[in-house]
Amino acid sequence: MPFIVTVAQRKGGAGKTTLCCQLIAALVGCGLDVAAIDMDDQRSLTRWAETRAARLGGLDFAHDTASGFTVAMAARRARAADILLIDTPPSVEPAVARAIALADLVLAPLQLSPLDLDASLPTARMIGEARRDALFVINRAPPRARVADRIRSEISRHGLPVAAAELRSRAAFAESIADGRGVTESEPRGRAAAEVAALTDELLSVAGLRRAAA
Ligand SMILES: Nc1ncnc2c1ncn2[C@@H]1O[C@H](COP(=O)(O)OP(=O)(O)OP(=O)(O)O)[C@@H](O)[C@H]1O
Ligand SMILES: [Mg+2]
């Protein structure tokens, strides 16, 4: 079975789909066999996959869609992959609970505002109740902001595990996604790519996976 990463965050627009697209592109670039499941009926991840397939003349990872009822079956179909990413809708509905129950690791993007932190706590509780390992990923971090440091310390007061790698607010993330790519492909030497590469390394180390030899 693949290492299963469920990307979940009840707060809408936190960066779940952005994280999925960027990590899929980076993991494919590491030579891994990657699978993805889109559980959000906004189908943003699926649109990215379609753009990517049109660009490449085929898809370089296994893409699927699923509901809460079919996600376990879809995960079994992905059993040959090294790593499976599941994108979920912004809620704590039972479908998301099912995806969290399947996960080896839950990634929860989080923006550094008090409103975002409050809105995230139900997701944190859901992860805790399911006894899953999790990493909150700071997304759209502002370069310098006092409120950001306050939120960082509040996050640790809540005992939430936070990834060392953070993603800043950068146009490159959305631009690459519009092209069916990730920043590690569109601007491999850019700062956005360095952030995604750091997060990818952190994920690979938690997953016990290695980059395939070039
Ligand atoms: N680090 C970032 N820098 C700049 N823009 C970002 C960043 N992360 C996300 N965005 C933008 O924020 C918006 C929401 O991101 P995204 O769709 O990934 O969030 P989501 O959590 O999947 O949303 P939903 O809850 O609706 O599924 C998008 O327009 C995206 O391009
Ligand atoms: Mg989304």
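I will try to describe carefully the structure that is included in this document.

Parameters and conventions
Residues numbered from 1 in each chain as written. Chains lettered and ligands numbered in written order. Predicted model: local features only at pLDDT ≥ 70, side-chain atom pairs only at ≥ 80, totals over all residues. Heavy atoms only, no water. Helix = DSSP H or I, 4+ residues; strand = E, 2+ residues; numbered from the N terminus. Rg over C-alpha atoms; globule rule 2.2 N^0.38 Å. Buried < 20%, exposed > 50% of the residue type's maximum accessible area, 1.4 Å probe, protein only. Contact = heavy atoms within 4.5 Å. Areas by Shrake-Rupley, 256 points an atom, 1.4 Å probe, with all protein chains shown as cover. Lys, Arg positive; Asp, Glu negative; His and termini not counted. Charge placed at Lys NZ, Arg CZ, Asp CG, Glu CD. Arc of directions from axis to C-beta. Near = heavy atom within 4 Å. Polar contact = N/O pair within 3.5 Å; in protein donor to acceptor, adjacent residues only side chain to side chain. Pairing = 2+ DSSP bridges. Axes fitted to C-alpha atoms, helices over the stretch in contact; angles between N-to-C directions.

Overview of the overall build of the protein chain
Along the backbone of the protein chain there are nine helices and six strands. Here the C-alpha radius of gyration of the protein chain, 16 Å, is about what a compact globule of 214 residues would show, namely 17 Å. Judged by the C-alpha coordinates and their principal axes, the protein chain covers about 45 × 40 × 30 Å. Per-residue burial for the protein chain yields a buried fraction of 50% across its 214 residues. Within the protein chain, residue pairs in contact and separated by at least 24 positions form 81% of the contacts whose partners lie at least 6 positions apart. Working note: accessible area of the protein chain is about 10000 Å², and carbon and sulfur atoms make up 49% of it. Where the 27 positive side-chain charges of the protein chain centre and where its 25 negative ones centre are 3 Å apart.

Points about helix 7 (residues 171–178)
For helix 7, every residue scored as buried is listed here: Ala 172, Phe 173, Ser 176 and Ile 177. Across the axial projection of helix 7, the buried residues extend over an arc of 130°, all falling on one side. Exposed residues pointing more than 90 degrees away from the buried face of helix 7 are listed as Ala 171, Ala 174 and Ala 178. The secondary structure elements touched by the buried residues of helix 7 are helix 1 (16–29), helix 2 (44–56), helix 8 (183–186) and helix 9 (191–207). Phi for Gly 180, located one or two positions after helix 7, is positive at around 70°.

Some points on the environment of Ala 197
As for its placement among the helices and strands, Ala 197 is situated in helix 9. Ala 197 gets classed as partly exposed once you look at its relative accessible area, which sits at 25%. Taking C-alpha positions, Ala 197 is 8.9 Å from Ala 165, a pair spaced 32 residues apart along the chain.

Observations concerning the site of ligand 1
Taken together, 17 residues sit near ligand 1, with Gly 15, Lys 16, Thr 17, Thr 18 and Asn 139 positioned nearest. One of the side-chain N or O atoms of Asn 139 is found 2.8 Å from a nitrogen atom in ligand 1. Arg 140 has a polar side-chain atom sitting 3.2 Å from an oxygen atom of ligand 1. When ligand 1 sits alone it has 630 Å² of accessible area, and the protein chains cover 78% of it. For the shell around ligand 1, the secondary-structure elements that each account for two or more residues are helix 1 and helix 7. The element contributing the most residues to the shell around ligand 1 is helix 1, with three residues.

So, the sheet that holds strand 5 (residues 105–111)
If you trace the six strands from one edge of the open sheet to the other, you get 3-2-4-1-5-6, paired in parallel fashion. The two strands at the open ends of the sheet, each matched to only one other strand, are strand 3 (62–65) and strand 6 (133–139). Along the sheet, successive strands turn relative to each other by an average axial angle of 20°, direction set aside. Relative to strand 3, strand 2 (residues 34–38) runs parallel, the two sharing four bridges. When the sheet's bridge partners are listed, Ala 36 is paired in strand 3 with His 63. Along the sheet, helix 1 makes contact with strand 1 (3–7), strand 2, strand 4 (83–87), strand 5 and strand 6, crossing strand 4 at roughly 160°.

In short, the description is geometric, and any link to function would need to be established separately.
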